[in-house]
Amino acid sequence: MAETLGQLLPVYVLADESGSMSSYVGDLNEGMKSLHVALLGEPMAAAKVRFSVLGFSNSVVEHLVLADLRSENELPRLSASGGTNYDAAFAALLERIPQDVQTLKSQGYKVLRPAVFFLSDGQPTCGEEWRQTHSRLTDRKVTGAAPNVIAFGIGGARAETILAVATEQKFAFISIPGAQLGDAIAKFFTALTKSVVESANALAAGQQAELAVEKPEGFRLAIDEV
């Protein structure tokens, strides 16, 4: 039996690129840059992660797939236009994640349950069909590689929607009313970076693998809003 190359944590950033985010594209891209710099400064953690970036509006753009950030000169730049199609976003993950997990396994890695960090500033513009697609994505009986989804709502996002997106109540966060969206986006990336580094460092140290997620500054648990 071939020896495993070690464990990897697939991480997906699923970012809202709808038109309502147009004033904050600079903040999104600065957040991506800060995430990259932070992980380059943590090479042991970066080695344990494979990183993907997907943006969604009317459709989905795969900006980065299964990247080892140590080999990337820079992360992709996001943009903003169109609607907020949650259904397309979760359908893309439903197709992408099982393929990615199989790819990593075929390369000789043990693969931990993927983590999706979801960020949106508004309500879905695709009706309610997204809920069925999301259910298929996160049901481990349907999708063996069903991810943990950590959901962050800012701006016009509603707490009850963010709760429905997150796979656990403790993974659902909503920005404090009155918070500046640019600041909230920065805090999202700070929390994302901390979660990835802490989880990956635990892997590198041979510790029990557990996804580290803490409530970021400027957010509250979405359950507290309902």
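About the thresholds
- Residues numbered from 1 in each chain as written.
- Predicted model: local features only at pLDDT ≥ 70, side-chain atom pairs only at ≥ 80, totals over all residues.
- Heavy atoms only, no water.
- Pairing = 2+ DSSP bridges.
- Helix = DSSP H or I, 4+ residues; strand = E, 2+ residues; numbered from the N terminus.
- Salt bridge = Lys/Arg side-chain N within 4 Å of Asp/Glu carboxyl O.
- Buried < 20%, exposed > 50% of the residue type's maximum accessible area, 1.4 Å probe, protein only.
- Right-handed = clockwise from strand over helix to strand, strands pointing away.
- Phe/Tyr/Trp six-rings, centres within 6.5 Å; stacked < 30°, edge-to-face > 60°.
- Lys NZ or Arg CZ within 6 Å of the ring centre and 35° of its normal.
- Expected span 1.5 Å × (residues − 1).
- pLDDT = per-residue confidence, 0-100.
- Axes fitted to C-alpha atoms, helices over the stretch in contact; angles between N-to-C directions.
- Parallel < 35°, antiparallel > 145°, perpendicular 65-115°, else oblique.
- Left-handed = near helix turned anticlockwise from the far one by under 90°.
- Contact = heavy atoms within 4.5 Å.

1. Remarks on the pairing of strand 3 (residues 60-67)
Across a regular strand the side chains alternate sides, sitting on one face of the sheet and then on the other. The pairing of strand 2 (residues 49-56) with strand 3 spans 5 bridges and is antiparallel. Paired with Gly55 across the bridge in strand 3 is Val61. Remark: 3 residues form the turn of the hairpin made by strand 2 and strand 3, two consecutive strands paired antiparallel.

2. Focus: unusual backbone geometry
Residues apart from glycine generally show negative phi values, whereas peptide bonds are mostly found in trans. One non-glycine residue, Leu66, lies in positive phi territory at about 50°. Considering the arrangement of structural elements, one finds Leu66 in strand 3.

3. Some details on the pattern of salt bridges
With the rule as written, the count across this model stands at 7 salt bridges. Close ionic contact of Arg50 with Asp68 constitutes a salt bridge, the shortest N to O distance being 3.8 Å. Of this pair, Arg50 sits in strand 2 while Asp68 sits in the loop between strand 3 and helix 3 (86-106), and the two are 18 residues apart along the sequence. Judged on exposure class, the residue Arg50 and its partner Asp68 are both buried. For the salt bridge of Asp68 with Arg70, the shortest nitrogen-to-oxygen distance reads 2.6 Å. Connected through salt bridges with shared partners, the residues Arg50, Asp68 and Arg70 form a single ionic network.

4. Some points on the pairing of strand 5 (residues 115-120)
Taken across its 6 residues, strand 5 has 6 buried, putting it largely inside the fold. The two faces of strand 5 match: Ala115, Phe117 and Leu119 on one face and Val116, Phe118 and Ser120 on the other face are all buried. In the sheet, strand 1 (residues 7-16) pairs with strand 5 via 5 bridges, with the strands oriented parallel. By the bridge assignment for strand 5, Tyr12 is matched with Val116. Pairing between strand 5 and strand 6 (residues 148-153): 6 bridges, direction parallel. If you follow Val116 over to strand 6, its bridge partner there is Val149. As a crossover connection, the stretch from strand 5 through helix 4 (residues 130-138) into strand 6 is right-handed.

5. What to know about the packing of aromatic side chains
Applying the stated criterion across every chain yields a total of 11 aromatic pairs. On the basis of an interplanar angle of 80° and a centroid distance of 5.2 Å, the ring pair of Tyr86 and Phe118 is categorised as edge-to-face. One end of the pair, Tyr86, is in helix 3; the other, Phe118, is in strand 5, with 32 residues separating them in the sequence. For Tyr86, a relative accessible area of 0% puts it in the buried group. Feature note: the residues Phe56, Tyr86, Phe90, Phe118 and Trp130 constitute an aromatic cluster, connected by ring pairs. Directly above the aromatic system of Tyr109 lies the positively charged group of Arg50, at a separation of 5.7 Å from the ring centroid.

6. Quick notes on helix 3
For helix 3, which comprises 21 residues, the first-to-last C-alpha distance of 30 Å matches the rise-based estimate of 30 Å (1.5 Å per residue) to within 8%. Burial in helix 3 covers these residues: Tyr86, Asp87, Ala89, Phe90, Ala92, Leu93, Leu94, Arg96, Ile97, Asp100, Val101 and Leu104. Within two residues after helix 3, Gly108 carries a phi angle of roughly 100°, on the positive side.

7. Re the confidence of the model for the protein chain
The predicted model of the protein chain has a mean per-residue pLDDT of 90, with 96% of residues at 70 or higher. For the protein chain, per-element mean pLDDT is lowest for helix 6 (residues 181-204), which scores 88, and highest for helix 4, which scores 97.

8. Points about the packing of helix 3 against helix 4
Packing of helix 3 against helix 4 brings their axes to within 8 Å, and their N-to-C directions diverge by 20°. Considering their axes alone, helix 3 and helix 4 lie roughly parallel with respect to each other. The crossing of helix 3 and helix 4 is left-handed. Contacts between helix 3 and helix 4 pair Tyr86, Asp87, Phe90, Ala91, Leu93, Leu94 and Ile97 from the former with Trp130, Thr133, His134, Arg136 and Leu137 from the latter.

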